[in-house]
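Chains, contacts and geometry: an overview
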Amino acid sequence: MKLSRFTAAATACAVGLTLLPAIAYANDTVELRYKAKVGEKSIYQSSLTTEVNQSINGKDVDTTFEQSDVTTYTVKKIAEDGTIIFETQIERLKVEGEFAPQVTFKFDSQSDDHDTTSQIGAAITPLYERLSGAILGVEVTPLGKVKKVNGYIQLLQDVLKDNPIAQRFAGGGSEEAAVSNFQDLFVLFKEEPVKPGDTWDKPYKVKMPGLGEFEGKRNYTYVGPDKVGEIPTLRITIDTDLSGDLDIDMGATKVSGKFETDSASGTVQFDPASGRILSMDLEQTFSGDLTVEAGGMTIPVNFSQTLKNTRKLVDKIPE
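Residues numbered from 1 in each chain as written. Predicted model: local features only at pLDDT ≥ 70, side-chain atom pairs only at ≥ 80, totals over all residues. Heavy atoms only, no water.

**Structural notes on the overall build of the protein chain**
In plain terms, the rule: Secondary structure counts use DSSP, requiring at least four H or I residues in a row for a helix and at least two E residues in a row for a strand, with both numbered from the N terminus. Note on method: radius of gyration uses C-alpha positions; expected globular size equals 2.2 Å times residues raised to 0.38. Burial here depends on accessible area, computed with a 1.4 Å probe over protein chains only, as a share of the maximum for the residue type. Under 20% is buried, over 50% is exposed, and the range in between is partly exposed. In this analysis, two residues are considered to be in contact whenever any of their non-hydrogen atoms come within 4.5 Å of each other. Only the protein chains shown count as covering a residue, and every accessible area follows the Shrake-Rupley method with a 1.4 Å probe. Residues counted as positive are Lys and Arg, residues counted as negative are Asp and Glu, and His and the chain ends are not counted. One atom stands in for each charge, and that atom is NZ of Lys, CZ of Arg, CG of Asp or CD of Glu.
Regarding its fold elements, the protein chain presents four helices and 14 strands. For a compact globule of 319 residues, the expected C-alpha radius of gyration is about 20 Å, and the protein chain comes in at 20 Å, within 12% of that figure. Expressed along its principal axes, the backbone C-alpha trace of the protein chain runs to roughly 65 × 40 × 35 Å. The buried share of the protein chain, reckoned over its 319 residues, is 49%. Within the protein chain, counting contacts between residues at least 6 apart in sequence, those at least 24 apart form 62% of the total. Approximately 14,800 Å² of the protein chain is accessible, and the part contributed by carbon and sulfur atoms is 47%. If the 34 positive side-chain charges of the protein chain are averaged to one point and the 47 negative ones to another, these points end up 5 Å apart.

**With respect to the side chain of T141**
Relative to the assigned elements, T141 resides in the loop between β7 (135–140) and β8 (146–150). Under the relative-accessibility criterion, T141 is labelled buried at 15%. Leaving out residues up to four positions away in the same chain, T141 has contacts with Y34, T83 and K147.

**Section: the packing of aromatic side chains**
For the record, the criterion: Here the aromatic set is Phe, Tyr and Trp, taking the six-membered ring for Trp, and pairing holds for ring centres within 6.5 Å; pairs whose planes are under 30 degrees apart are stacked, those over 60 apart are edge-to-face, and all others are tilted.
One pass over the structure, following the stated rule, counts 13 aromatic pairs. Seen in terms of ring centroids, F189 and F270 are 5.8 Å apart; in terms of plane orientation they differ by 45°. Their pairing is tilted. Remark: F270 occurs in strand β12 (residues 253–271) and F189 occurs in the loop between α4 (175–183) and β9 (199–208); sequence separation between them is 81 residues. Taken as a pair, F189 and F270 share a single burial class, namely buried. A centroid spacing of 6.0 Å and a plane angle of 50° characterise the contact between F214 and F259, whose relative ring orientation is tilted. Of this pair, F214 sits in strand β10 (residues 212–228) while F259 sits in strand β12, placing them 45 residues apart in sequence. Since its relative accessible area comes to 1%, F214 is described here as buried. One aromatic cluster in this structure is built from Y44, Y73, F86 and F186.

**Some words on unusual backbone geometry**
One non-glycine residue, D162, lies in the positive phi region at around 55°. Within the secondary structure layout, D162 lies in the loop between α2 (152–160) and α3 (164–169). Residue classification places D162 among the exposed positions, given a relative accessible area of 75%.

**A closer look at empty space enclosed by the protein**
Our working definition: Cavities and pockets were defined on a 1 Å grid built over protein atoms only: a cavity is a set of grid points that admits a 1.4 Å probe from which the probe cannot escape, a pocket is an open set flanked by protein on both sides within 12 Å along at least five of seven lines, and lining residues are those with an atom within 4 Å of any such point. Grid points are joined across faces, edges and corners, and a volume is the space filled by probe spheres set on the points. All residues other than Ala, Val, Leu, Ile, Met, Phe, Trp, Tyr, Cys, Pro, Asp, Glu, Lys and Arg, Gly among them, are scored as polar; the first ten of these are nonpolar and the last four charged.
Within this structure, the stated rule accounts for two cavities of 30 Å³ or more. As for the second largest cavity, its lining consists of V30, E31, L32, F189, K190, E192, P193, V194 and W200. The element best represented in the lining of the second largest cavity is strand β2 (residues 29–35), accounting for three residues. Looking at the lining of the second largest cavity residue by residue, the class counts come to six nonpolar, no polar and three charged.

**Concerning the pattern of salt bridges**
Our working definition: Within this document, salt bridges are pairs made up of a side-chain nitrogen of Lys or Arg and a carboxyl oxygen of Asp or Glu, the two lying within 4 Å of each other.
Tallied over the full model, the rule gives five salt bridges. One salt bridge connects D81 with K147, and the closest N-O pair in it is separated by 3.8 Å. With D81 in the loop between β4 (59–78) and β5 (84–100) and K147 in strand β8, this pair connects stretches of sequence that are 66 residues apart. On the basis of relative accessible area, D81 is assigned to the exposed category, the value being 51%. K258 serves as the salt-bridge partner of D245, at 3.2 Å between the closest nitrogen and oxygen. With D245 in strand β11 (residues 231–249) and K258 in strand β12, this pair connects stretches of sequence that are 13 residues apart. Overall, the relative accessible area of 54% leaves K258 in the exposed class.

That is the geometry; function is a separate question.
Structural data, given as structure tokens:
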């Protein structure tokens, strides 16, 4: 699954949409609803790049984090009320980060050589080993609301226990956090039919254990018919307003402060013929002021963070 976008080292076990939007045209309007057929399987290839700049006592410290994955989505059941229950499995997972000068981390699910000896490796390698090949169930309504994520707490509970670093990378590790992160991958459709230029928004608020509280609003615009190559699509744009109140306690180090969105943009391309998302491209920048307490010192930190997330439908699992 996709882990928290709220942390500087957020990971992204990406989830694409296997659900089929039923598209009915009338008077230049489009009615979107998610539908699916039991047994349908889709493969999505995703990447997340996180760049963080921190200014500490006038000195800049840069952090970079990159993750790529291939995840399959299989529709397992459709409830009487139309809720779709599908199964996700991470088939490939690769992570690479540089957190400070000479502090790096690499993970590749296809390699047996994993870092378990460095401080960062000992903390988060077990998390990525557990996520590799992990199977989760997600319940989504016809309008795209994520109702529940099944198996997430059980999957990570022991890995995150007494491990505040891994907890940060897992976006807090709670059911609420998991639902919020999956929700980022589904456009929340408007109940009424929409025409080109129509906009709608969906507010949200989430508390993530070990990280803090976050609230904001997802803003959607139906742009209209489009094309990806020769494939007719429906184009929807997304931007997200987000503010956060950080409260991170890692024992010897505590971090607190606030941040908010500076800019955000994203585009989703629906293929109305196959009923699936062909691609999703998102970019968001945050900034804020933090206070770090460590070693008896209180240190002010100004930071900015940019997230770039891409996701596309592929025909097969890459070799």
